[in-house]
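Examining the three-dimensional arrangement
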Amino acid sequence: MTETLTPRRRYVETLTFGDLDRVPLQPGGPRESTLAAWHEEGLPQGVDWYPYLLEKLGIDYDPPGEQIPLGVSFKMIPRFEEEVLEHTDEGTYIVRDWMGAITEISDNYDYTYIRRAKDFVTRKWHKFPVEDREDWEEKMKPRYDPEDPARFPDDFEERCQRLNEADYPITFKFNGPFWQLREWVGFENLCKMMVTKKEFVEEMIEFWTEFVSRTMEPILEKVRVDNVMIGEDMAYKEHSMISPEMARRFLKPAYDRWVGEIKSSGCPLVDMDSDGYIGELIPLWVEAGINCCDPIEVAAGNDIVEYRERFGKRMAYRGGIDKRALAAGGEKMREELERVVPPLLETGGFIPSCDHGVPPDISWPNFKEYTRLLAEMTGWL
């Protein structure tokens with residue numbers, strides 16, 4: 001193709017195995033600790049790292065116009081009041097987070113780090129907001145009213161019109177049923193309940209499925225959406241957290257409904273975001289009509305080249321480049337890019353990127369060289 005595409009069309013054409021000029025250059029994004037390290041390694045203070053990097057590489061960068069947030073919330077309303085309950089002698093904070101859980105984090109951070117993934121912050125859970133049916137009925141369900149006017153911005157109609165005219169990809173994201181119930185009852189509790197309290201689990205999933213459908217309905221009616229992302233994080237290093245059979249029973253009905261509604265609106269992409277080893281889950285996602293996934297972590301045992309051979313054009317991918325090779329740099333980094341990028345680009349349906357948030361052990365010099373090599377492979381240099 002000789003026509004230069006907008007970032008929006010290039011994104012869609014890439015992930016739908018379409019006709020494109022070149023693949024989007026999306027090397028991956030750093031978090032706070034990574035940026036702090038990069039500033040010590042040569043990235044100037046006070047600059048936006050991405051356009052600065054492209055300028056240094058000699059890549060023409062036409063920044064998108066103002067990006068309008070959709071502004072629709074799939075989160076609980078109201079949220080629980082955040083509170084520091086204890087500052088321990090072990091150097092941790094025990095806090096009640098906005099989701100109602102009692103969690104413990106290092107006092108190197110404050111509880112605002114629990115609100116979103118600003119950095120690589122681990123935590124320990126002590127208690128979850130839903131321990132029995134009374135908690136569910138009285139403490140949690142009322143917080144998920146799809147008709148609550150606070151879910152939508154006052155200028156929602158105007159935003160929709162502006163988003164339809166945008167030249168960048170329009171996406172939104174919500175939690176899948178496994179992720180959401182894990183926030184309500186806890187991971188271990190949820191796994192036990194899937195055996196001992198199946199009907200209660202199914203009831204909560206049906207509630208969440210209905211809530212998401214009703215909340216996204218006005219979006220799909222008014223916005224030309226390019227990709228809907230489902231956050232599910234449901235796998236360890238070698239296996240999924242629950243068996244494919246349990247995922248089929250408990251989770252697939254929600255996927256089936258959502259994917260049907262999303263694709264009926266004209267949105268071409270449904271993207272599943274799950275860390276860990278996903279090889280035994282992809283067949284279920286494909287069956288449900290999910291046609292993209294990320295971040296394809298190599299250290300968890302995922303082989304994106306093998307997945308392309310197994311699933312063909314039924315699944316597109318974002319990510320897939322081993323962060324450990326990028327940290328090592330040099331020949332290891334080059335070998336990893338050669339292993340992954342050319343075979344996937346040959347068939348399409350792939351935006352190469354670091355296989356998770358970019359950690360601080362990937363130095364600024366290594367990241368620059370990695371992006372340069374990626375730019376060469378994807379037609380930007």
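You'll find the structure just up there.
Every value quoted in this text rests on a predicted model; they were computed, and no experiment measured them.

Time to look at the sheet that holds strand 3 (residues 102–106). Think of a sheet as strands paired side by side through backbone hydrogen bonds, with each pair either parallel or antiparallel. Strand order in the open sheet formed by 4 strands is 1-2-3-4, with antiparallel pairing between adjacent strands. Both outer strands of the open sheet, strand 1 (83–87) and strand 4 (123–127), are each paired with one neighbouring strand and no more. The mean inter-strand angle of the sheet, taken between neighbouring strand axes irrespective of direction, is 30°. Here strand 3 pairs with strand 4 via 4 bridges, running antiparallel. Bridge pairing in strand 4 places threonine 103 opposite tryptophan 125.

Two descriptors summarise a pair of aromatic rings, namely the distance from one centre to the other and the angle between the planes of the rings. Summed over the entire model, instances satisfying the criterion amount to 23 aromatic pairs. A ring pair is formed by phenylalanine 367 and tyrosine 370, whose centres lie 5.5 Å apart and whose planes are at 65°; its orientation type is edge-to-face. Note that phenylalanine 367 and tyrosine 370 are positioned in helix 15 (residues 364–377) at a spacing of 3 residues, about one turn of the helix. For the pair phenylalanine 367 and tyrosine 370, a shared accessibility class is recorded, and that class is buried. Joined through ring pairs, the aromatic side chains of Trp38, Trp49, Tyr50, Tyr52, Trp364, Phe367 and Tyr370 make up one cluster. For the cation-ring pair, arginine 143 lies above phenylalanine 80, with the distance from its terminal atom to the ring centre recorded as 3.7 Å.

Definitions and limits used
- Residues numbered from 1 in each chain as written.
- Predicted model: local features only at pLDDT ≥ 70, side-chain atom pairs only at ≥ 80, totals over all residues.
- Heavy atoms only, no water.
- Pairing = 2+ DSSP bridges.
- Helix = DSSP H or I, 4+ residues; strand = E, 2+ residues; numbered from the N terminus.
- Axes fitted to C-alpha atoms, helices over the stretch in contact; angles between N-to-C directions.
- Phe/Tyr/Trp six-rings, centres within 6.5 Å; stacked < 30°, edge-to-face > 60°.
- Buried < 20%, exposed > 50% of the residue type's maximum accessible area, 1.4 Å probe, protein only.
- Lys NZ or Arg CZ within 6 Å of the ring centre and 35° of its normal.

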